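# Fold and contact review
The chain contents come next:
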Amino acid sequence: MNLNKNYYSILGVRNDATEKEIKKAYYKLSFEYHPDRNKEVDTIKFNSITEAYDVLCGEQRKDYDVKSKFGNNYNEYFEFFEINVEFDYHKSKDHLDNFKKTEVLDIYINIDDSFDGNIEYERYVKCKPCDGTGKDMSSKIVIKDVDGNILKTFDGDDGCDFCDGSGKYMGYDCSFCMGKGKVGLNPCKSCNGEKRILGKQKITKIKLEGDETKIPAMGNVSKTEPGKVGYLLLKKNKI
């Protein structure tokens, strides 16, 4: 049953039609569109007629009439609170892993009594070659005509000629430089356009402050906002 289909319209009857009227309409249409009688008829049309009949002359009609906007007793409450309980573990896990990689900035590390004040761990840092822009400003942008002749060559850090480096053209984001004001549109070769890279961080001579020690700006750098940095939290295990 598809709540977005108007089964009544498919059979050509009103949504308050009786079962007898629905059957009569179905028999007439199935006779006209049956593939065995008419080879030129699209089987999709016949299948739609059969589907409509099965719903409206079966136990599903009552459900359809309440939950479909084409039904005879439609109640939007059911549509608004309809819950999809399907769950794809692998898809959800990939989504969570991607969220952790992209959005989680703070880093938590558990330590014990053997901690000597020195630590080394992995963290995402801003890509230095592109300064967190994700763009390769050292690349060349070549403009060619339809015959392949080079009309102009831009350096990656040139100001955009179309918007004079403003990033705006006639009040809108410049479509040539995508509002950047520069024409370095190729992805940075160091971070592949990710704006940050995974590196190793070393910190020495850390003085613990009770059970939890927070060190600002030593977490991950944001992928969407390279200037935003999380913190490192060292938590002492309790025995």
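The residue numbering used here restarts from 1 in each chain and proceeds along that chain's sequence as written. Predicted model: local features are reported for residues with pLDDT of at least 70 only, side-chain atom pairs are reported and counted for 80 or more only, and whole-chain, interface and lining totals are derived from all residues. Values reported for side chains reflect all heavy atoms of the structure, with hydrogen atoms and water molecules removed beforehand.

## Here's the deal with the pattern of salt bridges
Two side chains bearing opposite charge may form a pair once their charged atoms approach each other closely. By definition, a salt bridge exists where a carboxyl oxygen of Asp or Glu is found within 4 Å of a side-chain nitrogen of Lys or Arg. Under the definition given, this model contains ten salt bridges. Salt-bridge contacts for Glu51 lead to Lys5; the nearest nitrogen and oxygen are separated by 3.0 Å. Placement of Glu51 in helix α3 (residues 43-56) and of Lys5 in the segment before α1 (7-11) is noted, with a sequence separation of 46 residues between them. The partner of Asp65 in a salt bridge is Arg61, with the nearest N and O atoms 3.6 Å apart. You can see Asp65 and its partner Arg61 sitting in helix α4 (residues 60-67), four residues apart, about one turn around the helix. Note on conventions: DSSP H or I runs of at least 4 residues are helices, E runs of at least 2 residues are strands, and numbering of each starts at the N terminus.

## Overview of the sheet that holds strand β1 (residues 107-111)
On the basis of which strands lie adjacent, the open sheet formed by three strands has the order β1-β9-β8 and mixed pairing. The open sheet is flanked by β1 and β8 (212-215), the only strands paired with a single partner. In this sheet, neighbouring strand axes are inclined to one another by 20 degrees on average, regardless of whether the strands run parallel or antiparallel. If DSSP finds at least two bridges between two strands, the strands pair. Pairing geometry for β1 and strand β9 (residues 232-236), over five bridges, is parallel. Bridging across to β9, Ile109 finds its partner in Leu234. Axes here mean lines fitted to C-alpha atoms, for a helix over just the part in contact, with angles spanning 0 to 180 degrees between N-to-C directions.

## Observations concerning the packing of aromatic side chains
Side-chain rings of Phe, Tyr and Trp, where Trp is taken by its six-membered ring, are said to pair if the distance between their centres is within 6.5 Å; with planes under 30 degrees apart they count as stacked, over 60 as edge-to-face, and otherwise as tilted. Per the counting criterion, the structure on display carries six aromatic pairs. Relative to Tyr27, the ring of Tyr26 has its centre 5.6 Å away and its plane inclined at 55 degrees; by these criteria the two rings are tilted. When a residue's accessible area, from a 1.4 Å probe over protein chains only, is under 20% of the maximum for its type it is buried; when over 50% it is exposed; and in between it is partly exposed. Residue class for Tyr26 comes out buried when judged on its relative accessible area of 13%. When its relative accessible area of 48% is taken as the criterion, Tyr27 is described as partly exposed. With a centroid separation of 6.3 Å and an interplanar angle of 70 degrees, the aromatic rings of Tyr108 and Tyr231 are classed as edge-to-face. Taken as a pair, Tyr108 in strand β1 and Tyr231 in the loop between β8 and β9 lie far apart in primary sequence, 123 residues in all. In textbook terms, an aromatic cluster arises when at least three aromatic residues are bridged by ring pairs, as seen for Tyr7, Tyr8 and Tyr64. Stacked on the ring of Tyr124, the Lys or Arg Arg196 has its end atom at 4.1 Å from the ring centre. Charge over a ring is defined by NZ of Lys or CZ of Arg lying within 6 Å of the ring centre and within 35 degrees of the ring normal. Directly above the aromatic system of Tyr231 lies the positively charged group of Lys214, at a separation of 4.3 Å from the ring centroid.

## Here we look at the packing of helix α2 (residues 19-33) against α3
Two quantities define a packed helix pair, namely the angle between the axes and the distance from one axis to the other. Between α2 and α3, whose axes approach to 10 Å, the crossing angle comes to 165 degrees. Here α3 runs roughly antiparallel to α2, going by the angle between their axes. Between α2 and α3 the crossing geometry is left-handed. Contacts from Ile22, Lys23, Tyr26, Tyr27, Leu29, Ser30 and Tyr33 in α2 reach Lys45, Phe46, Ile49, Thr50, Tyr53 and Leu56 in α3. The cut-offs work like this: below 35 degrees is roughly parallel, past 145 is roughly antiparallel, 65 to 115 is roughly perpendicular, and the gaps in between are oblique. For any helix crossing, the convention is left-handed if the near helix is rotated counterclockwise from the far helix by under a right angle, and right-handed if that rotation is clockwise. Residue contacts are defined here by distance: any two heavy atoms, one from each residue, within 4.5 Å place the two residues in contact.

## Side note on the environment of Val229
Counting through the fold element by element, Val229 comes out in the loop between β8 and β9. Measuring from C-alpha to C-alpha, the distance between Val229 and Val104 comes to 10.0 Å, with 125 residues separating the pair along the chain. Excluding residues within four positions of it along the chain, Val229 makes contact with Arg123, Ala217, Met218, Gly219, Asn220 and Val221.

## Some points on a nonpolar patch on the surface
Taken together, Tyr169, Met170 and Tyr172 make up a surface patch of nonpolar side chains, about 440 Å² in accessible area. Among the secondary structure elements, Tyr172 is positioned in strand β6 (residues 172-173). To count toward a patch, a residue needs a relative accessible area above 30% and no salt bridge. Like charges then connect within 9 Å, nonpolar side chains (Val, Leu, Ile, Met, Phe, Trp, Tyr) within 5 Å. The protein chains shown are the only cover counted for residues, whose accessible areas, like all others here, come from Shrake-Rupley with a 1.4 Å probe.

## Here's the deal with the side chain of Asp65
Judged by its relative accessible area of 10%, Asp65 is buried. There is a polar contact of 3.1 Å between the side chain of Asp65 and the backbone nitrogen of Asn72. Setting aside residues no more than four positions away along its own chain, Asp65 makes contact with Tyr8, Gly71, Asn72, Asn73 and Tyr74. What qualifies as a polar contact is a pair of N or O atoms within 3.5 Å, subject to a donor-acceptor requirement within protein and to the restriction that residues adjacent in sequence count only when both atoms come from side chains.

## Re unusual backbone geometry
Note: most residues except glycine have negative phi, and most peptide bonds are trans. Phi at Lys195 is positive, roughly 75 degrees, even though this residue is not glycine. Counting through the fold element by element, Lys195 comes out in the loop between β6 and β7 (196-203). The backbone of Ala217 shows a phi angle near 60 degrees, a positive value even though the residue is not glycine. Summarising the element assignment, Ala217 is placed in the loop between β8 and β9.

## Some remarks on the nonpolar core
Only buried residues count toward a nonpolar core, which is a set of Ala, Val, Leu, Ile, Met, Phe, Trp, Tyr and Cys residues joined through side-chain atoms within 4.5 Å. By size, the foremost hydrophobic cluster in this structure holds 15 residues, and its most contacted members are Tyr7, Tyr8, Leu11, Val13, Ile22, Leu56 and Tyr64. Elements with a minimum of two residues in this core: α1, α2 and α3. Broken down by element, the residue count for this core peaks at five residues, all from α3. In this view, Tyr8 contacts Val13, Arg14, Asn15, Ile22, Leu56, Arg61, Tyr64, Asp65, Phe70 and Gly71; residues no more than four positions away in its chain are not counted. Ranked by size, the runner-up nonpolar core spans eleven residues in total, among them Ile111, Ile203, Leu232 and Leu234.

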